[in-house]
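Architecture and fold: a report
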Amino acid sequence: MSAMRVDAKVVMLGKESVGKTSLVERYVHHRFLVGPYQNTIGAAFVAKPIQVGEKVITLGIWDTAGSERYEAMSRIYYRGARAAIVCYDLTDSSSFQRARFWVMELQNCEEHCKIYLCATKNDLVEGDRSLRQIDYHDAQDFAEEIGAQHFETSSKTGNNVDELFQKVAEDYNSTAFQYMTAEETGVDLGQKKDSYFYSCCHNN
Amino acid sequence: MDGVAQRGAASWENGTLAPVDRLRTERADSPTPGLVEGTEPGAGQKSAMFIHAQSFEDLTAAAEQEVGREAELDQPGECGEDLKVLVGEQAIEEQHNSDIASESRPKEEDVSSETWRSHRKHVFVLSEAGKPIYSRYGTEEALSSTMGVMMALVSFVEAEKNIIRSIHADGCKVVFLAKSPLVLVGVYRTCQSDKELLRELQYIYYQIVSLLTLTQLNHIFKHKQNYDLRRLLAGSEYLTDNLLHRLDRDPGLLLSAVTCLPLASSARDVVSSSLQAAKSKSLVFSILLAGDCLVTLVRKKDQFLHHIDLHLVFNLVGSSSSFREGEGWTPICLPKFNTAGFFHAHISYLEPASKLCLILVSTDREDFFNMSDCKQRFLERLNKRSAYQALKEAVKCPSYSVEQVGIPELRHFLYKSKSSGLYTSPEFPAVYQSDEEQERLMGLYQDLHSHLHHPTRPLRSFYRCSETENLLAWVTSGFELYLCFSPLGTKALAVSAVNKLLKWIRKEEDRLFILSPLTY
Ligand SMILES: Nc1nc2c(ncn2[C@@H]2O[C@H](COP(=O)(O)OP(=O)(O)OP(=O)(O)O)[C@@H](O)[C@H]2O)c(=O)[nH]1
Ligand SMILES: [Mg+2]
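Here the structure is a predicted model, which is why all the values come from computation and not from measurement.

It is worth spelling out the overall build of chain A at this point. Check the secondary structure of chain A and you find 7 helices and 6 strands. Mapped in sequence order, the helices and strands of chain A form the string β-α-β-β-α-β-α-β-α-α-β-α-α. Considering chain A as a whole, with its 204 residues, one finds that 50% of them fall into the buried category. Look at the contacts in chain A between residues 6 or more apart in sequence, and 70% of them connect residues 24 or more apart. Summed over its atoms, the accessible surface of chain A is roughly 9900 Å², and 47% of this surface lies on carbon and sulfur atoms.

Okay, structure coming up:
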């Protein structure tokens, strides 16, 4: 299993063509591919190490296909995920409905999965405000309601993309720390445990 | 294209020329391969890799059985009217407001236009309730009334306990394939036989099944006859588009065979055994592709892959850049293996910009990381061996030139070994460089194929000369061969070339074919 040591499973969810693949592409390869849109088939997995403070955390990112065809299959992709990036397209109100669907699904099936609500294609609405179909505050309210973080991103310009994944990794890191101390020792939450965690992490 | 068949084609049927007998005598004292299945060049040494899909006949047999009683409507007078409705429907229902995105491909053609009507091959898929599911050209919405008429025709004939198979009229053929719960209709302006056209429709049917499984299709339409299947197929239209494109261009689909990357057998054996070593409990097939060529295929003992399923995999991988990034993990139904369920395929390229794509087909949808690990082990093993370098070199020139064969006037050929289900063919020579020319040549091969595999008058050999080329096709129980000569070639030359070519293929067979397929 040498090449595939993954710390945290992260799943990308959202209606087709909202820009999930572009988001991963931007984050992992620092680029935005123009050209005809290619739907993802099934799902694509990519492992990406990320620096959090002193540590390196490897995110295992599952970029799922938005097509309804795979809906019945979606559990295998989000099961056990520590974080879900639920995407919607700022210029497409139906994609927000779909995002609500995914949030419900996660709340029902994966209660330990932290949800990140992610608006995409911010560059389009910056260029032309009339294109915006989802009000920032509506989305923000929804995010608060479900206890999610909310980001507006653009894979085209790169706006807020690194911040999103950085936040995912940091949150994982701090909760992993809690989990681990709680599980391993049962007590001592919040105590100075850095050195302990560090060695434990390296033994995986 | 249409003209070729009529234009002074000097065709001869078996018996008029004597290649069979002549060759038989020549073979007696030559090392030339046998004409008998299993001894022809390219025949596998151990077991075959594929399900024994001997030939084209096997493939269409199923359809024919299902058809039972047929009603071949061949009266242009009466059916001309119906046909006009089909191919020239003028009144278009107003566009339904559908939220299904069809912008992703350039098919917003005006379906009442002459260009739309003059396409050589139209393909329509509809549900038994007459709902449009797929159309090659033009949007399904715009065509819903046309498809309604098609369904009405099918039902009308069915009501009489007959099955409609085809309508011929006005230089145009309409071919029907009823595969409950789907109905496929092709409208063609070609001289291919109904049987060939039916085969193409079958491919489209399997393409759809491979995305959804037949079980799911049946389930959906049992519960909701009026279901709009495009909801589930959204974003997959380009797979069907590409498959149709391949049907016009890929000899493998015509021959029901697969071609291999030419590679020294020593290198191929190392690649195969490395793949064999990277096994896992749930793994059924490991397939290594280089573009549209097979490098090697390792399978679970007693499990066979059908060439149609393999072509669907080729089409999936070749149509999508989505596997370029990271590792793909997708459900896939291999309909010739089992129409009921999904396999899960791990799909990834060996290196970021490489053409080498590895497909690991697993029975367990939870087994992604195991598959990923198999790939890793395969790569590690391969990386240590010089065969990997040889493989990468071979990928750079995945074909060979016909000049290597050393037969003057020979421009191109297709050779299929029946027992292995593999074929070989050189690259297109300079005269067939353009897409149109290549498609024209493929059209000629298709035509020869139609004659050899005619449902009632199959031929063993066929020779045709035209202004642009001379063609010879020949089928035995061991192989199928299609040769294309310059128009300067003669019949005698063509016949003598067969023997020479077979000898050459025999000499090269361990490079051009996979002679010793492996199992886990
Ligand atoms: N202007 C702009 N276009 C974007 C952005 N992100 C994605 N797109 C475009 O939106 C289309 C869909 O992007 P994808 O990333 O492939 O969408 P997806 O969510 O992965 O779609 P599925 O794989 O079908 O679920 C593509 O044409 C992208 O170029 C963005 O930030 N700005
Ligand atoms: Mg995608």
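Glancing now at the sheet that holds strand β9 (residues 293–299) of chain B. An order of β6(A)-β5(A)-β4(A)-β1(A)-β3(A)-β2(A)-β10(B)-β11(B)-β12(B)-β8(B)-β9(B)-β18(B) is seen for the 12 strands of this open sheet, with the pairing classed as mixed. Strand pairing shows two members of the sheet lacking a second neighbour, β6 (149–152) of chain A together with β18 (518–519) of chain B, which therefore form its edges. Bridge count for strand β8 (residues 283–290) of chain B against strand β12 (residues 356–362) of chain B is 7 bridges, and the pairing is antiparallel. Looking at the pairing, F285(B) lines up with V361(B) of β12(B).

A separate point is the sheet that holds strand β14 (residues 422–424) of chain B. Residues and elements named next belong to chain B. Sheet architecture is open: 6 strands sit in the order β7-β14-β13-β17-β16-β15, paired in mixed fashion. Only two strands of the sheet have a single partner each, and these edge strands are β7 (258–259) and β15 (461–465). Examined bridge by bridge, strand β13 (residues 410–417) and strand β17 (residues 479–485) share 7 bridges and lie antiparallel to one another. Bridge pairing links S417 to F479 in β17.

The next subject is the site of ligand 1. Residue and element names in this part refer to chain A. Residues in contact with ligand 1 amount to 20 residues; listed here are only the nearest, T21, S22, Y37, G66 and D123. In the model, an oxygen atom of ligand 1 is placed 3.3 Å from a nitrogen or oxygen of the V18 main chain. Take K20: an N or O atom from its side chain is 2.8 Å from an oxygen atom of ligand 1. When the free accessible area of ligand 1 is taken as 650 Å², the share hidden by the protein chains comes to 88%.

Taken residue by residue, chain A gives an average pLDDT of 85. The fraction at 70 or more is 84%. For the stretch residues 181–204 of chain A, pLDDT sits under 50, and the model shows 21 contacts to residues farther than four places along the chain or on other chains.

Let us now look at the environment of F323(B). Residues and elements named next belong to chain B. Along the chain, the position of F323 falls in the loop between α13 (307–319) and β10 (327–332). Of the residues examined, F323 reaches a relative accessible area of 1% and is grouped as buried. Separated by 24 residues in sequence, F323 and I347 have C-alpha atoms that sit 6.4 Å apart.

Another point: the interface of chain A and chain B. Interfaces are frequently sized by the accessible area removed from exposure as the parts join. In this complex, chain A contributes 26 residues to the contact, which on the side of chain B involves 33 residues. At the boundary of chain A with chain B, total buried surface from both sides reaches about 2500 Å², with 53% on carbon and sulfur atoms. Looking only at chain A, the three residues that lose the most surface to chain B are Q38(A), I41(A) and R69(A), adding up to 27% of its buried area. Here chain A and chain B share 2 salt bridges between them. The salt bridge involving R231(B) is made with E68(A); its shortest N-O contact spans 2.9 Å.

Moving on, we come to the domain arrangement of chain B. Residue and element names in this part refer to chain B. As far as domains go, chain B holds domain 1 (114–248), domain 2 (258–396) and domain 3 (402–512). The C-alpha centroid of domain 3 is placed 30 Å from the C-alpha centroid of domain 2. With 9 residues of domain 2 at the interface, the matching set in domain 3 holds 7 residues. Between domain 2 and domain 3 lies a buried interface of about 660 Å² when both sides are counted; carbon and sulfur atoms form 50% of it. Linking domain 2 with domain 3 are 0 salt bridges. Summed over the shared surface of domain 2 and domain 3, the number is 5 residue pairs in polar contact (both at pLDDT 80 or more). Here the residues of the side of domain 2 that touches domain 3 sort into 6 nonpolar, 2 polar and 1 charged.

Now for the nonpolar core. Counting residues in each nonpolar core, the largest one holds 90 residues, and the members touching the most others are L182(B), L229(B), I287(B), I359(B) and F413(B). When near neighbours in sequence (up to four residues on either side) are disregarded, L182(B) contacts V125(B), L126(B), I133(B), L177(B), Y205(B), I208(B), L217(B), F221(B) and L229(B). Core analysis: the next-biggest nonpolar cluster, separate from the first, contains 60 residues, W62(A), V125(A), I134(A) and F142(A) among them.

In this section: the environment of D367(B). All names here are of chain B. Tracing the backbone shows D367 in the loop between β12 and α14 (368–383). A residue is classified by how much of its surface remains accessible, and D367, at 11% relative accessible area, is buried. Taking the C-alpha atoms as reference, D367 lies 9.6 Å from K281; in sequence the two are 86 residues apart. Residue contacts for D367: discarding those within four places in its chain leaves S280, S282, W329 and S362. There is a polar contact of 2.8 Å between the side chain of D367 and the side chain of N370.

Parameters at a glance
Residues numbered from 1 in each chain as written. Chains lettered and ligands numbered in written order. Predicted model: local features only at pLDDT ≥ 70, side-chain atom pairs only at ≥ 80, totals over all residues. Heavy atoms only, no water. Helix = DSSP H or I, 4+ residues; strand = E, 2+ residues; numbered from the N terminus. Buried < 20%, exposed > 50% of the residue type's maximum accessible area, 1.4 Å probe, protein only. Contact = heavy atoms within 4.5 Å. Areas by Shrake-Rupley, 256 points an atom, 1.4 Å probe, with all protein chains shown as cover. Pairing = 2+ DSSP bridges. Near = heavy atom within 4 Å. Polar contact = N/O pair within 3.5 Å; in protein donor to acceptor, adjacent residues only side chain to side chain. pLDDT = per-residue confidence, 0-100. Buried area = accessible area lost by both parts, 1.4 Å probe. Salt bridge = Lys/Arg side-chain N within 4 Å of Asp/Glu carboxyl O. Domains from an automatic or database assignment. Nonpolar A, V, L, I, M, F, W, Y, C, P; charged D, E, K, R; others polar. Core = buried A, V, L, I, M, F, W, Y, C linked by side-chain atoms within 4.5 Å.

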